[in-house]
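Now for the letters of each chain:
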Amino acid sequence: QKEVEQDPGPLSVPEGAIVSLNCTYSNSAFQYFMWYRQYSRKGPELLMYTYSSGNKEDGRFTAQVDKSSKYISLFIRDSQPSDSATYLCAMIGPAGGTSYGKLTFGQGTILTVHP
Amino acid sequence: DGGITQSPKYLFRKEGQNVTLSCEQNLNHDAMYWYRQDPGQGLRLIYYSQIVNDFQKGDIAEGYSVSREKKESFPLTVTSAQKNPTAFYLCASSKAIRNQPQHFGDGTRLSIL
């Protein structure tokens with residue numbers, strides 16, 4: 001079983017729709033959670049960085065963390081064609097001893113928003 | 001503008017040849033990383049460096065080498081020992097090695113001639 005599971009999609013939605021992207025994880029030691037957006041032939045761009053359970057909002061984006069269920073989500077409101085990209089969740093484990101708290105990525109979800 | 005610059009954007013390797021991918025950052029970050037991205041496999045860590053003159057193997061270091069002589073630079077060499085080098089290579093950096101988000105460059109696509 002992978003430490004982080006993410007539905008690869010593809011996900012296709014009409015412009016203006018609310019998009020929900022999700023990841024589940026098995027390691028309860030994960031402490032920090034990130035969402036990245038990656039356009040084709042580009043590097044991942046950091047969208048959201050959260051620590052605690054609950055919601056964090058930034059413009060049209062809301063990141064939700066539920067540590068008790070080991071589940072994180074990214075919501076995109078009023079989706080636009082420019083949101084079409086691959087979305088990657090990532091998590092940092094605990095640092096201690098020889099472990100620096102490696103970043104573990106999900107597989108990525110391909111999203112297409114059509115006009 | 002601060003950021004991470006990777007060059008070249010595209011690179012071709014002949015059989016038996018070593019090639020070096022460049023990564024430069026002007027974010028004043030201490031930690032730097034190299035990842036390999038293959039379709040359907042996500043990002044896999046090759047090497048990372050906490051500080052100048054220090055680096056550690058990641059999950060798939062075989063066939064790769066790195067150096068960290070300057071804070072700003074972390075070049076990756078893909079050696080002839082790497083039998084399947086065709087991939088998208090991403091360099092990243094973070095303020096510190098622990099509990100910090102990583103910021104990425106725009107990658108180098110390496111192909112075999």
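Look above for the structure.
Keep in mind the model is a prediction, meaning the values are calculated, not measured.

Here is what the cut-offs are and how they apply
- Sequence order as written defines residue numbering, which begins from 1 separately in each chain.
- Chains and ligands are labelled by the order in which they are written, letters from A for the one and numbers from 1 for the other.
- Given that this is a predicted model, residues contribute local features only at a pLDDT of at least 70 and side-chain atom pairs are listed and counted only at 80 or more, while totals for whole chains, interfaces and linings are drawn from all residues.
- To obtain the side-chain values, all non-hydrogen atoms of the structure were used and water was disregarded.
- With a 1 Å grid laid over protein atoms only, a set of points is called a cavity when a 1.4 Å probe fits there but cannot get out and a pocket when it is open yet has protein on both sides within 12 Å along at least five of seven lines; lining residues have an atom within 4 Å of a point.
- Grid points are joined across faces, edges and corners, and a volume is the space filled by probe spheres set on the points.
- Think of it this way: any DSSP run of H or I at least four residues long counts as a helix, any run of E at least two long counts as a strand, and we number them from the N terminus.
- Amino acids are sorted into nonpolar (Ala, Val, Leu, Ile, Met, Phe, Trp, Tyr, Cys and Pro), charged (Asp, Glu, Lys and Arg) and polar (every other residue, Gly among them).
- Throughout this description, the term nonpolar core refers to a set of buried Ala, Val, Leu, Ile, Met, Phe, Trp, Tyr and Cys residues connected via side-chain atoms within 4.5 Å.
- Partly exposed residues are those whose accessible area sits between 20% and 50% of the maximum for their type, while under 20% is buried and over 50% is exposed, using a 1.4 Å probe and protein chains only.
- Contacts between residues were defined by any pair of non-hydrogen atoms, one from each residue, lying within 4.5 Å.

The next point concerns the layout of surface pockets. Within this model, the largest pocket holds a volume of roughly 460 Å³. Surrounding the largest pocket, 21 residues form its lining, A:Gln38, A:Thr86, B:Gln37, B:Asp38 and B:Pro39 being those nearest its centre. Taken together, the elements giving at least two residues each to the lining of the largest pocket come down to strand S9 (85–92) of chain A together with strand S4 (31–38) and strand S9 (87–94) of chain B. With three residues, the single largest contributor to the lining of the largest pocket is S9(A). By residue class, the composition of the lining of the largest pocket is eight nonpolar, nine polar and four charged. The space that makes up the second largest pocket amounts to roughly 300 Å³.

Our focus in this paragraph is the nonpolar core. All names here are of chain A. Membership of the largest hydrophobic core comes to 24 residues, with the highest contact counts inside it found for Trp35, Ile72, Leu74, Tyr87 and Met91. Within the residue set of this core, elements represented by two or more residues are strand S3 (19–25), strand S4 (32–38), strand S5 (45–50), strand S7 (61–66), strand S8 (71–76), S9 and strand S11 (109–114). Residues within four places of leucine 74 in sequence aside, it is in contact with Val19, Ser20, Leu21, Trp35, Leu47, Met48, Phe61, Thr62, Ala63 and Tyr87.

What follows concerns unusual backbone geometry. At the junction of A:Gly9 and A:Pro10, the peptide bond is cis and its omega measures out at 5° in the coordinates. Along the chain, A:Pro10 turns up in the loop between strand S1 (4–6) and strand S2 (11–14). In this model, B:Ser7 is joined to B:Pro8 through a cis peptide bond whose omega is -10°. Turning to its location among the elements, B:Pro8 is positioned in the loop between strand S1 (4–7) and strand S2 (10–13). The backbone of B:Asn28 shows a phi angle near 60°, a positive value even though the residue is not glycine. Checked against the element boundaries, B:Asn28 lands in the loop between strand S3 (19–25) and S4. Residue classification places B:Asn28 among the exposed residues on the basis of a relative accessible area of 57%.

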